[in-house]
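Geometric and topological summary
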Amino acid sequence: MLDCHRGFVAGPWTEQIDVSDFIKRNYTPYEGDASFLKGTTKRTDSVKRKVDALLIEENTKGGVLDVDTEHASSLLTYRPGYVSRDEDIIVGLQTDAPLKRAVNPFAGYRNAEQACKAYGYEIGDKVKEEFRYRTTHNTGVFRVYTDTMKKARHAGILTGLPDAYARGRIIGDYRRIALYGMDRLIDERRRDKAHIGERDMNEATIMLLEDIQKQLEFMAQLVTMAAEYGCDITRPAENAREAVQWLYFGYLGAIKEQNGAANSIGRISTFLDIYLTRDLEEGTLDEIGAQELIDDLVIKMRLVRHLRTPEYNDLFAGDPVWVTCSLAGMGEDGRTMVTKTCYRFLQTLYNLGPSAEPNLTVLWSQQLPEPFKRFCAKVSIDTDSIQYENDDVMRRDFGDDYAIACCVSAMKVGKQMQFFGARCNLAKVLLMALNGGRDELYGEQIAPEGPVFDETPLVYEEVLDAFKTYAAWMAKLYVNTMNVIHYMHDRYAYERLMMSLHDAEPERLMAFGISGFSVLADSLSAIKYAKVTPVKDERGLIVDFKTEGDFPKYGNDDDRVDSIAQWIAAYFYEELCKTKTYRGAKHTLSILTITSNVVYGKKTGATPDGRKKGEPFAPGANPMHGRDAEGALASLNSVAKIRYDCCKDGISNTFSITPNALGTDDEDRIEKLVAVLDGYFAQKAHHLNVNVLNRQKLIDAMNDPTLYPSLTIRVSGYAVNFNKLTKDKQLEVISRTFHDKM
């Protein structure tokens, strides 16, 4: 045992890299209430005022404060940056100044160039010269894409693919740096390389050895980056402040190198609590100082920015970066993993004000301490800034040391990584099936040619057979498209630092997604239970539908349609699994749209459920707006029926309820929200965003942004500052169901 590990309980973690074992042996579960929490210090208030002023200036300038166009971002590109050099406790910025964005052309030079131009900048000559002869990920992808892949992408059947930007959704185990120091991690990785080098030199071995060498190069660069801030991360952290700082350096290096969507920070609260508790017991830290450390770390997380194109912002609105931070849950040994630092992270929403970042995610269990459940409910009611995911469901598959990437994607920290892949528009696949493989908007033949249905009432069994045929074709195309994307990403934009903070041979997941879920479920329900007659245009394509009679609608706890929704997810997942993935990745599936449900709707014609051409879809696994008419619990019950077994990448549900529907006063609302969460997750439901507010508040904020400048809401797996949404996204959020009865 090293002196830096004084007071810690030894175990396998001292002999091998095993953060999970360290946590299990050393953390202190907390079952008390929030009365110990402290507010901000004068120093924190001073830093916050500086940050708030910069945020106002950023908004005034159209959402981007500044861009460094003269350098391509990497670990050692920039001189050290500070919010306030004399006041920062946790140091380090992506560039040399807060909110200054970096140019990161490795995933796609043209994408970076367009992002600069969108905000009035131009990439500097030095960067242009550096990338003149360099192959980027995007270039590699489009070298290999088939014509069909390009057509599907253009038509909006496959949308949001990370083929022009970095893929994201990889969680480095940044805790390893604090616990072991970089010298130990580098030595371990060198041994990994030597051991793997004894194998036969087949393609997989050669690729892995090259990956490890790239990792080693960037591990050395991380040490240099930290040294420029005056910190020696070659050794383990000596105290809580160093533990926070060392961990943050790992995350900072990762986001300097990669600008992928959703580079989450992982599950860090219980780990950090071990160091904070030791310092508190040794008398070198008090509770005010402990909260101040977490406040300062969260301030740095809130400053994370990436340079995005307008097209990217259409898909993922509100300038999100998804610094997802997973809290609480239960240990496999039956102890709660709630610690005082779980409370401290939630307290930042009071000390620093509500915010979309970091994306605070509570891993909910029936066994969580009641005081913590109540505090979470209070924070949700007050701030609308946190989300909940079912720890009892995920823990069975991922153990008790997993974290959430992006919004709803679970991974074992340091043991698994993900090949992220956006979404397939299944509502559009139904229209393609009815039109014999042609796109209903452009008229282009994309899928194999088949018969176009007649202008006579649709027969459910015939429609279902056609849909199955085209969904199976779509699933194969989707997997093969993803294989191209991730082969090229590994080749030209590999996440060297993030992957160095994984095991040398992690399990790989390939994450597929569904959009248009409730539209498809309701459309099939309409065809089955009502009378739906197609309407063709002059091209002979079905472009509209005449629907006569009523039909059961998803979101009302009606098994007639909810069973259709269950079948959709299970069937598409089974079809995806029939096609092999790149590097043997395990197929996973999500029902998650972020705010791209608006864009998907724009790319989709009228559907049999009565939705008109171009109208938005519902987000994630939500029922369509206004159709869940039987109250909040019925809506939740419908979503809870979707099986996590076939959707292990997550099932997103965004739930909005008015304060009066939840209760008559604060205590009543807290009690009711805890009961709702317990009841929902007891049904093995996976995820819930919670908004407690009235629709009129959003309307007022849209009409006059100065009324609620920091208004934060949950949208679809993440939170966003409402004022950062474009008008069409704001209108879509306002049109969603706000439950006014349980």
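Read on for an overview of the structure.

Let's talk about the overall build of the protein
What the protein contains, in helices and strands, is 27 helices and 19 strands. The C-alpha radius of gyration of the protein comes to 25 Å, within 12% of the 27 Å expected for a compact globule of 742 residues. If one aligns the C-alpha atoms of the protein with their principal axes, the spans along those axes are about 80 × 65 × 50 Å. Counting contacts in the protein only where the partners sit at least 6 residues apart, residues at least 24 apart contribute 78% of the total.

As for the pairing of strand β17 (residues 687-692)
Counting buried residues along β17, six of its six residues qualify, which places the element largely inside the surrounding structure. Burial of the side chains of β17 extends over both faces: His-687, Asn-689 and Asn-691 are buried on one face and Leu-688, Val-690 and Val-692 on the other. Pairing analysis gives four bridges linking strand β16 (residues 654-657) to β17, with the strands arranged parallel. Bridge pairing links Thr-654 to Asn-689 in β17.

Describing empty space enclosed by the protein
If you walk through the whole model with that rule in mind, you get eight cavities of 30 Å³ or more. The space that makes up the largest cavity amounts to roughly 140 Å³. Lining the largest cavity are 15 residues, with Asn-622, Pro-623, Asp-628, Thr-654 and Thr-737 positioned closest to its centre. The set of elements that each furnish at least two residues to the lining of the largest cavity consists of α23 (632-640) and β16. The element best represented in the lining of the largest cavity is β16, accounting for three residues. Lining the second largest cavity are 14 residues, with Asn-104, Asn-111, Ala-112, Asn-259 and Leu-307 positioned closest to its centre. If one sorts the elements of the lining of the second largest cavity by residue count, helix α3 (residues 109-118) sits on top with three residues. Split into classes, the residues belonging to the lining of the second largest cavity amount to nine nonpolar, four polar and one charged.

As for the state of the cysteines
By the definition in use, this model includes zero disulfides. Free of any disulfide, Cys-4 has its nearest neighbouring cysteine sulfur in Cys-231, separated by 15 Å. Overall, the relative accessible area of 15% leaves Cys-231 in the buried class.

Some thoughts on the pattern of salt bridges
Where side chains of opposite charge bring their charged atoms close, a pairing between them can arise. All chains considered together, the criterion is met by 61 salt bridges. Between Asp-382 and Lys-378 there is a salt bridge, and its shortest N-O distance comes to 3.0 Å. You can see Asp-382 and its partner Lys-378 sitting in helix α15 (residues 370-383), four residues apart, about one turn around the helix. On the basis of relative accessible area, Asp-382 is assigned to the partly exposed category, the value being 40%. A salt bridge links Asp-728 to Lys-602; its shortest N-O distance comes to 2.9 Å. Placement of the pair is Asp-728 in helix α27 (residues 727-735) and Lys-602 in helix α22 (residues 597-602), with a sequence separation of 126 residues. Under the relative-accessibility criterion, Asp-728 is labelled partly exposed at 27%.

A look at the sheet that holds β17
Taken in spatial order, the five strands make up an open sheet running β4-β5-β6-β17-β16, and their pairing is mixed. Each end of this open sheet is capped by a strand with a single partner; those strands are β4 (325-328) and β16. Mean inter-strand twist for the sheet, computed between neighbouring axes without regard to direction, equals 30 degrees. Sheet topology places strand β5 (residues 360-364) next to strand β6 (residues 387-390); four bridges connect them, and they run parallel. Directly across from Val-362, in β6, lies its bridge partner Tyr-388. On top of the sheet, α15 reaches β4, β5, β6 and β17; it is set at about 145 degrees to β5, its chief contact. Helix-sheet contacts for helix α16 (residues 391-398) involve β5 and β6, and the interaxial angle to β6 is about 55 degrees.

Some remarks on helix α10 (residues 240-257)
A rise of 1.5 Å per residue sets the reference length of α10, with its 18 residues, at 26 Å; its end C-alpha atoms lie 26 Å apart and thus fit the reference within 8%. Along α10, 17 of the 18 residues are buried, which leaves the element largely enclosed by surrounding structure. With a side-chain oxygen positioned 3.3 Å from the backbone nitrogen of Arg-241, the residue opening α10 is Asn-239.

Here we look at the pairing of strand β13 (residues 542-548)
Relative to β13, strand β12 (residues 531-536) is paired through six bridges, and the arrangement is antiparallel. Looking across to β13, one finds that Lys-531 is bridged to Glu-548. Connecting β12 to the next strand, β13, in antiparallel fashion are five residues, including Gly-540 with a positive phi near 85 degrees.

Considerations on the packing of aromatic side chains
Using the criterion set out here, one finds 31 aromatic pairs in the structure. With 5.4 Å between their ring centres and 80 degrees between their planes, Phe-8 and Tyr-275 make a pair best called edge-to-face. Taken together, the positions of Phe-8 in the segment before α1 (19-26) and Tyr-275 in helix α11 (residues 269-282) put the pair 267 residues apart, joining distant regions of the chain. On the accessibility criterion, Tyr-275 (0% relative accessible area) is buried. A ring pair is formed by Tyr-229 and Phe-249, whose centres lie 5.7 Å apart and whose planes are at 40 degrees; its orientation type is tilted.

Thoughts on unusual backbone geometry
For the bond running from Glu-357 to Pro-358, omega is -10 degrees, close enough to zero to count as cis. A positive phi angle, near 70 degrees, is found at Leu-99, a position not held by glycine. Within the element layout of this structure, Leu-99 appears in the loop between β1 (66-72) and β2 (100-103). For Asp-319, which is not a glycine, the phi torsion comes out positive at approximately 60 degrees. Turning to its location among the elements, Asp-319 is positioned in the loop between α13 (310-315) and β4.

Overview of the layout of surface pockets
In this model, the largest pocket occupies a volume close to 790 Å³. Lining the largest pocket are 31 residues, and of these Leu-55, Pro-354, Pro-709, Ser-710 and Asn-721 lie nearest its centre. Among the secondary structure elements, those contributing two or more residues to the lining of the largest pocket are α2 (42-60), α12 (287-302) and β19 (719-721). At seven residues, α2 tops the list of elements feeding residues into the lining of the largest pocket. When the residues that make up the lining of the largest pocket are grouped by side-chain class, the tally is 14 nonpolar, ten polar and seven charged. There is about 590 Å³ of room inside the second largest pocket. Forming the walls of the second largest pocket are 21 residues, and the residues nearest its centre are Arg-153, Asp-163, Ala-164, Glu-311 and Leu-315. Contributing elements (two or more residues each) for the lining of the second largest pocket: α3, α5 (137-144), α6 (147-155), β3 (158-159) and α13. Take the lining of the second largest pocket: its biggest share by element is four residues, from α13.

Cut-offs used in this document
- Residues numbered from 1 in each chain as written.
- Predicted model: local features only at pLDDT ≥ 70, side-chain atom pairs only at ≥ 80, totals over all residues.
- Heavy atoms only, no water.
- Helix = DSSP H or I, 4+ residues; strand = E, 2+ residues; numbered from the N terminus.
- Rg over C-alpha atoms; globule rule 2.2 N^0.38 Å.
- Contact = heavy atoms within 4.5 Å.
- Buried < 20%, exposed > 50% of the residue type's maximum accessible area, 1.4 Å probe, protein only.
- Pairing = 2+ DSSP bridges.
- 1 Å grid on protein atoms, 1.4 Å probe; cavity = no way out; pocket = protein on both sides within 12 Å on 5 of 7 lines; lining within 4 Å.
- Points joined across faces, edges and corners; volume = space filled by probe spheres on them.
- Nonpolar A, V, L, I, M, F, W, Y, C, P; charged D, E, K, R; others polar.
- Disulfide = S-S within 2.5 Å.
- Salt bridge = Lys/Arg side-chain N within 4 Å of Asp/Glu carboxyl O.
- Axes fitted to C-alpha atoms, helices over the stretch in contact; angles between N-to-C directions.
- Expected span 1.5 Å × (residues − 1).
- Polar contact = N/O pair within 3.5 Å; in protein donor to acceptor, adjacent residues only side chain to side chain.
- Phe/Tyr/Trp six-rings, centres within 6.5 Å; stacked < 30°, edge-to-face > 60°.

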